Amino acid sequence: MAFVEFDTLLLPGDQRFDWWRQLVGQGVAPTRITSDFAADFVGSVGSLDLGRIQLTKMSFPGLRSERTAELIRRADPETYELTLILGGSMGVEQDRHTTRLAAGDLSMWTSSRPYSGEAMSEPVIGASRALILHLPRALVPLPEARVDSLLAHGLSARAGVGKVLADFLGSLVGQAAVLDDLSLARLGETGFDLAVGFLAQRLDAQEFLSPEARHGLLLARIDVFIRDNLADPALTPGAISPYGCCISFSGSGRRQWPLPCGGSGLRAVSRIWPSRGYGGCRSRTSGRGGGWGTGRRSAGCSVPRTG
């Protein structure tokens with residue numbers, strides 16, 4: 001099912017806010033929403049079915065939202081709402097934690113506990129825009145108490161696994177129109193693995209991920225690392241201390257690139273940079289202050305944890 005976004009501008013001004021509020025309640029969870037802009041509300045909302053998970057995109061001016069214990073008793077999808085801020089400024093409060101968010105931030109709350117949120121609308125920051133990934137709590141393979149410790153905290157999507165996830169979600173919405181239902185379901189599994197991997201990294205709980213999820217997360221991180229550092233001629237192993245590094249040979253020179261080594265890392269590098277040779281590895285030989293020793297392509301380095 002292709003992504004379809006509904007815009008309040010298609011409706012008379014006095015009907016826009018109630019219509020938008022009703023759509024949000026159906027797609028996310030019943031929530032009490034008020035706004036100083038209700039008389040002429042300009043916003044949009046759209047959703048994408050990805051099999052086990054769903055993705056919602058929305059935009060809106062200044063508003064306040066509240067999910068009360070009464071609303072939770074009325075209906076609870078029992079989800080984690082992992083939210084990527086695309087524009088504007090927002091705040092969320094849950095479990096005695098409060099955070100302020102701007103474009104490039106991720107945050108998460110759960111439909112199963114009371115929360116309140118606020119979107120600020122000012123000429124400088126413009127309307128608020130967000131992508132919300134709805135993750136069923138029962139499917140997240142991480143200890144619930146540890147996941148709940150992230151509720152209403154600011155989580156960056158500007159680098160690392162957070163950026164991998166943010167780029168993936170944006171591309172998914174942008175390409176949904178040309179994808180069939182089977183492709184969307186498969187990509188939904190990828191999105192789920194990336195989201196859980198992101199949470200696991202924040203919690204240092206990668207041991208709860210499946211081997212397939214850890215492998216996919218590692219390759220995604222390598223992709224982003226190479227893309228972000230392609231033009232940098234001076235990377236050193238110290239940039240990522242727990243990692244081994246692959247060495248590229250170029251003429252008589254040799255450069256060290258702080259990438260995970262071993263079969264997975266080298267295969268990913270060869271796939272992305274087929275024109276460059278990667279003939280050896282180096283790995284840290286001791287812990288604190290240890291040196292770097294060379295090894296063979298496959299056996300000399302070990303793939304690090306994905307955190």
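The structure reproduced in this document is the subject of the present report. Only a predicted model underlies this, so the values are computations on that prediction, with no experimental measurement involved.

Attention now goes to the packing of aromatic side chains. Scanning the entire structure with this criterion turns up 5 aromatic pairs. Ring pairing ties together the aromatic residues Phe17, Trp20, Phe41 and Phe60, which thus form one cluster.

What follows covers the pattern of salt bridges. One side chain can pair with another of opposite charge once the charged atoms of both are near each other. On inspection of all chains with the given rule, the structure shows 14 salt bridges. In this structure, glutamate 189 engages arginine 52 in a salt bridge whose closest nitrogen and oxygen atoms are separated by 2.9 Å. Here glutamate 189 is found in helix H5 (residues 181–203), whereas its partner arginine 52 is found in the loop between strand E3 (44–50) and strand E4 (53–60), with 137 residues between them in sequence. Exposure remark for glutamate 189: the relative accessible area of 31% places this residue in the partly exposed category. Between glutamate 118 and arginine 100 there is a salt bridge, and its shortest N-O distance comes to 3.8 Å. Here glutamate 118 is found in strand E10 (residues 115–120), whereas its partner arginine 100 is found in strand E8 (residues 97–102), with 18 residues between them in sequence. On the accessibility criterion, glutamate 118 (35% relative accessible area) is partly exposed. Several salt bridges converge on common partners, so that one network encompasses Asp95, Arg113, Arg137, Glu144 and Asp148.

Okay, the sheet that holds strand E6 (residues 79–87) next. Judged by pairing direction, the sheet is antiparallel, and its 7 strands sit side by side in the order E1-E3-E4-E11-E6-E9-E12 without closing on themselves. With one partner strand each, in any of the chains shown, strand E1 (4–7) and strand E12 (155–156) form the two edges of the open sheet. Relative to strand E9 (residues 105–110), E6 runs antiparallel, the two sharing 5 bridges. Opposite tyrosine 80, over in E9, you have threonine 110 as the bridge partner.

The next point concerns the pairing of E8. The pairing of strand E7 (residues 89–94) with E8 spans 6 bridges and is classified as antiparallel. The residue of E8 that forms the bridge with glycine 91 is arginine 100. Connecting E7 to the antiparallel partner E8 that follows it, the hairpin turn spans 2 residues, and aspartate 95 within it adopts a positive phi of roughly 50°.

Scanning the entire structure with this criterion turns up 1 cavity of 30 Å³ or more. In this structure, the largest cavity occupies an estimated 310 Å³ of space. Lining the largest cavity are 24 residues, with Met58, Phe60, Leu63, Ser65 and Trp109 positioned closest to its centre. Only helix H1 (13–27), E4, strand E5 (63–67), E6, E7, E10 and strand E11 (128–136) provide two or more residues apiece to the lining of the largest cavity.

Our focus in this paragraph is the environment of glutamate 5. With respect to the element layout, glutamate 5 can be found in strand E1. When the C-alpha positions of glutamate 5 and methionine 58 are compared, they lie 8.3 Å apart, and in sequence the two are 53 residues distant. For glutamate 5, the residues in contact, after removing those within four places along its chain, are Ser44, Val45, Gly46 and Lys57. A distance of 3.0 Å separates a polar atom in the side chain of glutamate 5 from a polar atom in the side chain of serine 44.

Right, let's talk about the nonpolar core for a bit. Core analysis: the biggest nonpolar cluster contains 42 residues, and Leu55, Leu135 and Leu142 have the highest contact counts within it. Of all the elements, H5 adds the most residues to this core, at 9 residues. In this structure leucine 142 touches Val147, Val196, Leu199, Ala200, Leu203, Ala205, Phe208 and Leu209, once residues within four positions along its chain are discounted. Counting residues in hydrophobic clusters, the runner-up holds 21 residues, among them Ala29, Val92, Ala119 and Ala130.

About the criteria used
Residues numbered from 1 in each chain as written. Predicted model: local features only at pLDDT ≥ 70, side-chain atom pairs only at ≥ 80, totals over all residues. Heavy atoms only, no water. Phe/Tyr/Trp six-rings, centres within 6.5 Å; stacked < 30°, edge-to-face > 60°. Salt bridge = Lys/Arg side-chain N within 4 Å of Asp/Glu carboxyl O. Helix = DSSP H or I, 4+ residues; strand = E, 2+ residues; numbered from the N terminus. Buried < 20%, exposed > 50% of the residue type's maximum accessible area, 1.4 Å probe, protein only. Pairing = 2+ DSSP bridges. 1 Å grid on protein atoms, 1.4 Å probe; cavity = no way out; pocket = protein on both sides within 12 Å on 5 of 7 lines; lining within 4 Å. Points joined across faces, edges and corners; volume = space filled by probe spheres on them. Contact = heavy atoms within 4.5 Å. Polar contact = N/O pair within 3.5 Å; in protein donor to acceptor, adjacent residues only side chain to side chain. Core = buried A, V, L, I, M, F, W, Y, C linked by side-chain atoms within 4.5 Å.

That is the geometry; function is a separate question.
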